[in-house]
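Below are the chains, spelled out letter by letter.
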Amino acid sequence: MPASARQRCHAVLSGLVTLATAAVVSFAAPAPASAAEIWNETGSDRADPLTESQGLASVEVPANSPNRYTGIGTIPIGLSVRGWNHVGDPDASYDGHYIEPYQRDSGNTKMYRVQAPGGGWSEYVHTLSPGEALNNSWDAISPDGQWMLSGEWGTMDRLLVFPTPGVNPATSPSVNLPQASTVHLDHPVRDVQGCDFAGPTTLLCSSDDPDGSLFGMTKPLLRVDLSAAPNGTADVTGHVTALRQLPLRSSCSGSFEVEGIDYDRRTGVLRVIVVSPGFCVLTDSKTYKFSRG
């Protein structure tokens, strides 16, 4: 989320054409392949604007762990005073490592804060690679636990791959967390706020795209099919499909903001946070639930 989007949250809280033409239009704004995979809305919960407005994650270990959420109000004071003033959409490995992505307004680093299954916290800092954006909206841990994907704000044709901090033995809080490889997307994406693995080579992602020109809709739910499971030693490609528009319902009119995403493999439930416009950020922001049709 860029600074301008955060400022909104802080202000509320602190006829037929020729076949050739049709082909060009189809390429520029492809219709979503919803027939390939349908996600039906099954319910929603209110999303608290302070503590549930940025991201969410289901945690499998320890057993019966509650779902985790992030928001402005979940940032520890000790991080905030050091400039880490934005937390994105977290994820958890299947063995219980929970990871939150952090950014600050300037500099050349981003940070991943890791809680081990035993409860202890550690920080892993990544120095930006040449051309890498400062934004740190989300992380997604591969099913094998060894690799973590992350993305950049804006219109992008890639996702970044890192060794999973705190899980992959090649990582340490005392050294730079390096980028290991890249996922090259076959279609641009815009303003991705979260991704989560729904299988070894499948990602589901929430996009806050306000324009709609990439997929013929604003605020889409995306699926990314990888050519292979990330292994950190070789780049892979990702085929992007838009599945549906995410719900945009509120008592207020204005700009919605799609936030984090979570897929719980135990229940098959997909959840996405959508923050309402204006004053209604306080009253009817929602975490929407979906099931595969």
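Procedures and definitions
Residues numbered from 1 in each chain as written. Predicted model: local features only at pLDDT ≥ 70, side-chain atom pairs only at ≥ 80, totals over all residues. Heavy atoms only, no water. Core = buried A, V, L, I, M, F, W, Y, C linked by side-chain atoms within 4.5 Å. Buried < 20%, exposed > 50% of the residue type's maximum accessible area, 1.4 Å probe, protein only. Helix = DSSP H or I, 4+ residues; strand = E, 2+ residues; numbered from the N terminus. Contact = heavy atoms within 4.5 Å. Polar contact = N/O pair within 3.5 Å; in protein donor to acceptor, adjacent residues only side chain to side chain. Disulfide = S-S within 2.5 Å.

Trainee: Please explain the nonpolar core as it appears in this structure.
Mentor: Nonpolar side chains in soluble globular proteins tend to end up buried together. By size, the foremost hydrophobic cluster in this structure holds 23 residues, and its most contacted members are Leu149, Val183 and Leu203. At the level of secondary structure, the elements contributing two or more residues to this core comprise β10 (147-150), β11 (155-163), β12 (181-190), β13 (192-199), β14 (202-207), β15 (220-226) and β16 (236-245). Ignoring any residue separated from it by four or fewer positions in sequence, one finds Val183 in contact with Leu149, Asp157, Arg158, Leu159, Val161, Leu226, Val236, Thr237 and Gly238. If you look at the next biggest cluster of nonpolar residues, it comprises 14 residues, including Leu204, Leu243, Val274 and Phe290.

Trainee: What's the story with the environment of Asp262 in this structure? I'm lost.
Mentor: Residue position: Asp262 is located in strand β17 (residues 257-264). A residue is classified by how much of its surface remains accessible, and Asp262, at 1% relative accessible area, is buried. Between the C-alpha atoms of Asp262 and Cys195, which are 67 residues apart in sequence, the distance is 7.5 Å. When sequence neighbours within four positions are dropped, the list of residues in contact with Asp262 reads Leu56, Ala57, Ser58, Asp196, Val269, Leu270 and Arg271. Of note is the side chain of Asp262, whose polar atom sits 3.0 Å from the backbone nitrogen of Ser58.

Trainee: How should I be thinking about the state of the cysteines in this particular structure?
Mentor: Working definition of a disulfide: a covalent bond connecting the sulfur atoms of two cysteines. Under the counting rule described, the total for this entry stands at two disulfides. A disulfide bridge connects Cys195 with Cys205, and the sulfur atoms are separated by 2.1 Å. Residues Cys195 and Cys205 share a disulfide whose torsion about the S-S bond is about 110°; that sign makes it right-handed. Of the two residues, Cys195 sits in strand β13 while Cys205 sits in strand β14, which places them ten residues apart along the sequence. For Cys195, a relative accessible area of 2% translates into the label buried. Disulfide partner of Cys252: Cys280, at an S-S distance of 2.0 Å. As the torsion about the S-S bond is roughly 70°, the Cys252-Cys280 disulfide counts as right-handed. Pair noted here: Cys252 is in the loop between β16 and β17 and Cys280 is in the loop between β18 (269-275) and β19 (286-292), with a separation of 28 residues, a long-range link. The class for Cys252 is partly exposed, based on a relative accessible area of 22%.

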